[in-house]
Amino acid sequence: MADPPLTGAPRIDVAVIGGGPAGLAAATALKEAGIGRVVVLEREPQAGGIPRHCGHPPFGMREFGRILRGPVYAARLVARAERAGVEIRTLATVAGIRPGGHLLVALPEGLIDLAARRVTYATGVRETPRAARLIGGARVQGVMNTGALQSMVYLKGRRPFRRPVIIGSELVAFSAIMTCRHAGIRPVAMIEAAPRITARWPAALYPRLAGVPLLTGTRLLEIRGGPRVTGVSVAGPDGQKREIACDGVVLSGQFTPEASLARLGHLALDPGTGGPVVDQWGRCSDPSYFATGNLLRPVETAGWSWAEGRRCGRWVAEDLAGRLPAPSGALKLETSDPRLKYVMPQRIALPRSGSGMGDLQLRVTRPVRGELCALNESGILWRRKIHALPERRMLVPLADLALPGGAGTIRFEIREETA
Amino acid sequence: MLQQGDGKIHPRRIPDEAAHDVVIIGGGVVGCAMARRFTLEGARVALLEKAPDILDGASKANSAILHTGFDAPEGSLELECIREGYQEYLEIRRSLGLVHECDGALVVAWNEAEEAALEAIRARAHANGVGDVEIIGQAELRRREPNLSHRARAAALVPGEGIVDPWSAPHAYLAHGLANGARLVTSCEVTGGAFDGGAWQLETTRGPVRATSVINCAGLYGDLVDRALLGEARFQITPRKGQFVVFDKAARDLVTSIILPVPNERTKGIVVFPTVFGNLAVGPTAEDQQSRTDASTDTETLRALIEDGIAKIPALKGMPVTAVYAGLRPATEEKDYRIATTPAKNWITVGGIRSTGLSAALGIARHVFALYREMGHRHDPLPDPAGARANMLAESGPRDWKQPGHGEIVCHCELVTRREIEAALKGPLAARSLAGLKRKTRATMGRCQGFYCTARLAELTDGHFEMPLAEEIGHG
Ligand SMILES: Cc1cc2nc3c(=O)[nH]c(=O)nc-3n(C[C@H](O)[C@H](O)[C@H](O)COP(=O)(O)OP(=O)(O)OC[C@H]3O[C@@H](n4cnc5c(N)ncnc54)[C@H](O)[C@@H]3O)c2cc1C
Ligand SMILES: Cc1cc2nc3c(=O)[nH]c(=O)nc-3n(C[C@H](O)[C@H](O)[C@H](O)COP(=O)(O)OP(=O)(O)OC[C@H]3O[C@@H](n4cnc5c(N)ncnc54)[C@H](O)[C@@H]3O)c2cc1C
């Protein structure tokens, strides 16, 4: 049976923007909670999100209890959502958001205005491209993020270069190497500006690096070539400048939420996460919008995003049933400590009720050893010793914080141990 | 021709030996406007461009401002051409479907000395025939541009300055010429030639081309082309690089007008300007260099540009950067254009179109056609020329993604459709490089810079580019 038109009856209860693991999980949970019409709007030709082009394991432990490759995992999430009664519309681009759950949607057959009682916003993360990193040098063909490389290799069976350098050493840089190996591409080097690699790579993965020299403490200065990449110049730990010949550059990591709809629309954004400002239910500054998955903050795994999506789906269902408190007062959580990248959620809506996120998520911008403190005007409310590294998750159970009952602001800061 | 009806690349063939009245060397904005003007005036025109796509030189990267000429040097040829070019742009805007967003410019004074200089700017503008320029005080300035730093003291308001699409306009000029019989040969570098007293036989990388007259519109290579074919050049090009930073679309509405500084002798200075694509940009720098190809950017300068933008518009702090780029101005020893005829050799040099060529191109073409007539050449203007339509890439315009039947959205950030991509790969102006495709559609030019769409583009452009985006795995 063909799906009913998006603008006609029955009314859409929840529109989900983005059919990645988080959006699909939220939609599935909403259906399981008995919500009537749930529509996922996905701009790609297939739903599934980023895992669609991660042609490698490990995906699916949390969700399916077994290890799958990305595309298989994505297909399973889609099938499960469809079985639950979720309508999935592909080639449906949400081009604008408006207050109260009104979406401007571009379909191949034309533009429509779509109204939903609630919107779940789950557009994920992408990597920071060259321009936003302000990497200098020539404007040349052959510079791309891991995501583009993966789509080329796994979705289109193509390879854009043979001997690239890989910039960055987050976990995704390892995916870049695997993608290269799959396509017969032999990276020349992996280059990391920090003195050590960023990811906590399982020791077992190291041998897979085989043949790819790892250059830590090395900064990319500029990209050379024309019209194709012919090399990069880098500065090593000793400050010495040198040239590395290559025919491509993979800019990996430096994830940033794909939050342009919020930025161009009416939702408040958090400069720390780069995603929308949310409360403990993922509710945005416009309470008809809920955010979930990696859009909330950079960056977690598919399994984590999926679990967040499921919980978010249940909270939206609670909200539709009138069981979430109206967002009147809120406790603001913030940080101006440059060593802290973000704290998410950014607000705790009052009165607090049983459901909602159990933990605060924080990250540091550089390695720190010291005490993480939560303060308000009356002093330190909570503290904990930490030894934290960038791009690694830090969780603070909300239950541990003796949060004051009323509205106000709680600041997070780090008191570093002096060596 | 290199391309057949399907737009894909086929083995090179040398252009056939048709008789041309005029060969134009160089497909920059000036060459495109020239091809249109001469074709409409009845000449048989060929435009030869060495790059795989047109607009690959100075014209590939500029500030995209359609200038009124309010600050051009008194009595200069530049002023005359800008005024005429501006006028004609407005005249053909509707019929060619060109974009012109005209919310004016403000020449902002940031200190006392600059404030004192505003009066001279107004006087210059009035003398140049731009009579609506007036000085506004701080209160009015804040009312117009509330996001401008409060350090701004006063400004000269130039209501006629506006922004255009720097690629679609010249594409439309050339398309107008092509629709009326002009021909375009790309990947065709003019390397030499001889004049036999009646006509030129040009040597090109794609074989000989004959023409009665030649117009050198080679931009950054204008002096080299003159030297190679005439034996001497009356000027020397010293490229002047300008770097830019483009901010996210969320920044677009921070200003209404173009924010100009009080200029100095060398350059118009760093401008904060909206683009018709819905961004806000800051630039350009002015850096003299020897290389005619090196349009590289450097991190330090880009950072300084961002700081400059924030100093003027504090709300730019923390604004994501969408793109960075640099352009090369074909500067010479003199500020004015270097347009000269060599009547004994049926040759016209159109050189040194340094920093206002986008605004002046249509006027330059008229001026050059008048020179050509003075050299004794006569044609009958086309009685009923065919029309042409520009690509519609402006954020506020009737973009294709808003129309039914576009197939799919390929580039999600700039909302470029499959129908647009397919159209850009067809016809006499078919894109044959990624750079060319970007200029015709904006694909990959948005905030993700191709993260989401490069793979799909590699598939859609298969067989169309001289330098493909990717090769199939398994080709060994
Ligand atoms: C290059 C890259 C590699 C990664 N590799 C791994 C990995 O190996 N393992 C791992 O666990 N995690 C990986 N991740 C993390 C990844 O973000 C998560 O695995 C997971 O995909 C997050 O799920 P999500 O639903 O939040 O977002 P996504 O999976 O990104 O899904 C978002 C969906 O929203 C759609 N969308 C966006 N905007 C719109 C719009 N305006 N209208 C309609 N639809 C829209 C997108 O097309 C996409 O399908 C990777 C991330 C990236 C960027
Ligand atoms: C940073 C910057 C900002 C600017 N801002 C503005 C602005 O806001 N408003 C404005 O009006 N103007 C602006 N300009 C100026 C404008 O861009 C130039 O004046 C204009 O592009 C010059 O065009 P052209 O056709 O003369 O040269 P080009 O664009 O350089 O065209 C010459 C063409 O000739 C080709 N060619 C060269 N040699 C040969 C050969 N031997 N055989 C075949 N083909 C050849 C080249 O490949 C090239 O395509 C700016 C310029 C820059 C660099």
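Residues numbered from 1 in each chain as written. Chains lettered and ligands numbered in written order. Predicted model: local features only at pLDDT ≥ 70, side-chain atom pairs only at ≥ 80, totals over all residues. Heavy atoms only, no water.

Trainee: Just checking my understanding: could you explain the interface of chain A and chain B for this structure?
Mentor: By a widespread convention, an interface's size corresponds to the accessible area lost as its parts come together. Counting residues at the interface gives 47 residues for chain A and 52 residues for chain B. A buried area of about 4,100 Å², summed over both sides, lies between chain A and chain B, and 60% of it is on carbon and sulfur atoms. Connecting chain A to chain B are 4 salt bridges. In this structure, the salt-bridge partner of B:Glu471 is A:Arg159, at a minimum N-O distance of 2.5 Å. If you look at where chain A meets chain B, you find 14 residue pairs in polar contact (both at pLDDT 80 or more). A total of 6 residues in the side of chain A that touches chain B trace back to one element, the largest contributor, which is helix α4 (residues 146–156) of chain A. For the side of chain A that touches chain B, the per-class residue count stands at 23 nonpolar, 11 polar and 13 charged. Relative to strand β22 (residues 471–472) of chain B, strand β10 (residues 158–159) of chain A is paired through 2 bridges, and the arrangement is antiparallel. Of the residues in β22(B), the one forming a bridge with A:Arg158 is B:Glu472. (Contact = heavy atoms within 4.5 Å. Buried area = accessible area lost by both parts, 1.4 Å probe. Salt bridge = Lys/Arg side-chain N within 4 Å of Asp/Glu carboxyl O. Polar contact = N/O pair within 3.5 Å; in protein donor to acceptor, adjacent residues only side chain to side chain. Helix = DSSP H or I, 4+ residues; strand = E, 2+ residues; numbered from the N terminus. Nonpolar A, V, L, I, M, F, W, Y, C, P; charged D, E, K, R; others polar. Pairing = 2+ DSSP bridges.)

Trainee: Would you explain the environment of B:Leu48 in this entry?
Mentor: Residue and element names in this part refer to chain B. Of note, leucine 48 is situated in strand β2 (residues 45–48). The buried category is assigned to leucine 48, whose relative accessible area is 2%. For the pair leucine 48 and arginine 354, spaced 306 residues apart in sequence, the C-alpha to C-alpha distance is 21 Å. Those residues in contact with leucine 48 that sit more than four places away from it in its chain are Val23, Ile24, Ile25, Gly26, Gly27, Val185, Cys188, Val190, Leu202, Thr204 and Val209. (Buried < 20%, exposed > 50% of the residue type's maximum accessible area, 1.4 Å probe, protein only.)

Trainee: I would appreciate a short explanation of the domain arrangement of chain A in the present structure.
Mentor: Residues and elements named next belong to chain A. Once the domains are mapped, chain A shows domain 1 (12–126 + 256–324), domain 2 (129–253) and domain 3 (333–416). Averaged C-alpha coordinates put domain 1 and domain 2 at centres separated by 30 Å. At the interface, 7 residues of domain 1 touch 8 residues of domain 2. Buried area between domain 1 and domain 2, both sides added, is near 660 Å², and the carbon and sulfur share of it is 61%. Among the residues of domain 1 in contact with domain 2, Arg52, His53 and His56 are the three that bury the most area, contributing 67% of the side total. For the pair domain 1 and domain 2, the number of links is 0 salt bridges. A per-class count over the side of domain 1 that touches domain 2 returns 2 nonpolar, 3 polar and 2 charged. (Domains from an automatic or database assignment.)

Trainee: Explanation requested: the site of ligand 1 in the structure shown.
Mentor: Taken together, 38 residues sit near ligand 1, with A:Ala22, A:Glu42, A:Ile50, A:Asn294 and A:Ala302 positioned nearest. Residue neighbours of ligand 1 fall on chains A and B, so the site bridges chains. Here a nitrogen atom of ligand 1 and a backbone polar atom of A:Arg43 are 3.2 Å apart. A:Ala302 places a polar main-chain atom, nitrogen or oxygen, 2.8 Å from an oxygen atom of ligand 1. Compared with its free state, where it exposes 970 Å², ligand 1 has 94% of that area covered by protein. Those elements that provide at least two residues to the shell around ligand 1 are α1 (21–32), β4 (93–98), β7 (125–127), α4, α5 (171–182) and α7 (302–320) of chain A. (Near = heavy atom within 4 Å. Areas by Shrake-Rupley, 256 points an atom, 1.4 Å probe, with all protein chains shown as cover.)

Trainee: When you look at helix α6 (residues 222–230) of chain B in this model, what are you seeing that I'm missing?
Mentor: Owing to its 3.6 residues per turn, the α-helix aligns residues three or four sequence positions apart on the same side. Residues and elements named next belong to chain B. For α6, every residue scored as buried is listed here: Gly222, Asp223, Val225, Asp226, Leu229 and Leu230. Each buried residue of α6 lies within a common arc of 165 degrees when the element is viewed along its axis, so the set occupies one face. Buried residues along α6 sit against β1 (20–25), β9 (190–195), β10 (200–204), β11 (209–216), β18 (338–342) and β19 (347–351). One or two positions beyond α6, positive phi appears at glycine 231, with a value near 95 degrees. (Arc of directions from axis to C-beta.)

Trainee: I tried to follow the sheet that holds strand β23 (residues 359–364) of chain A on my own but got confused; where do I start?
Mentor: Pairing between the strands of a sheet is mediated by backbone hydrogen bonds and can be parallel or antiparallel. All names here are of chain A. Strand order in this open sheet of 3 strands is β21-β23-β26, and the pairing throughout is antiparallel. A strand with exactly one partner marks an edge of an open sheet, and here the two such strands are β21 (340–344) and β26 (394–397). Averaged over all neighbouring strand pairs, the angle between strand axes comes to 20 degrees, with direction disregarded. Here β21 runs beside β23; their pairing, made up of 4 bridges, is antiparallel. Looking at the pairing, valine 343 lines up with leucine 362 of β23. (Axes fitted to C-alpha atoms, helices over the stretch in contact; angles between N-to-C directions.)

Trainee: Please clarify how the site of ligand 2 should be interpreted in this entry.
Mentor: All names here are of chain B. The full set close to ligand 2 counts 41 residues, and Glu49, Ser59, Ile65, Ile353 and Ser359 are the nearest of them. The separation between an oxygen atom of ligand 2 and a polar main-chain atom of glycine 28 is 3.5 Å. Here an oxygen atom of ligand 2 and a backbone polar atom of glycine 357 are 2.9 Å apart. The residue inventory of the shell around ligand 2, partitioned by class, reads 20 nonpolar, 15 polar and 6 charged. Mapping the shell around ligand 2 onto the domain boundaries places at least three of its residues in each of domain 1 (2–61 + 167–235 + 334–374) and domain 2 (101–162 + 238–329).

Trainee: Sorry if this is basic, but what is going on with the pattern of salt bridges here?
Mentor: A side chain of one charge can pair with a side chain of the opposite charge if their charged atoms are brought near each other. According to the stated counting rule, one finds 54 salt bridges over all chains in the structure shown. Between A:Arg43 and A:Glu258 there is a salt bridge, with its nearest N and O atoms 3.3 Å apart. Linking A:Arg43 in the loop between β2 (38–41) and α2 (61–64) with A:Glu258 in the loop between β18 (255–257) and α6 (260–264), this pair joins segments that are 215 residues apart in sequence. Exposure remark for A:Arg43: the relative accessible area of 21% places this residue in the partly exposed category. Overall, A:Glu258 belongs to the buried group, its relative accessible area being 5%. In this structure, B:Arg124 and B:Glu74 form a salt bridge, with 3.7 Å as the shortest nitrogen-oxygen distance. Of this pair, B:Arg124 sits in helix α3 (residues 112–127) while B:Glu74 is found in the loop between β3 (65–66) and α2 (77–96), placing the two residues 50 residues apart along the sequence. Three or more residues joined by partner-sharing salt bridges are found here, namely A:Lys156, B:Glu408, B:Arg418, B:Glu422, B:Arg456 and B:Glu459.

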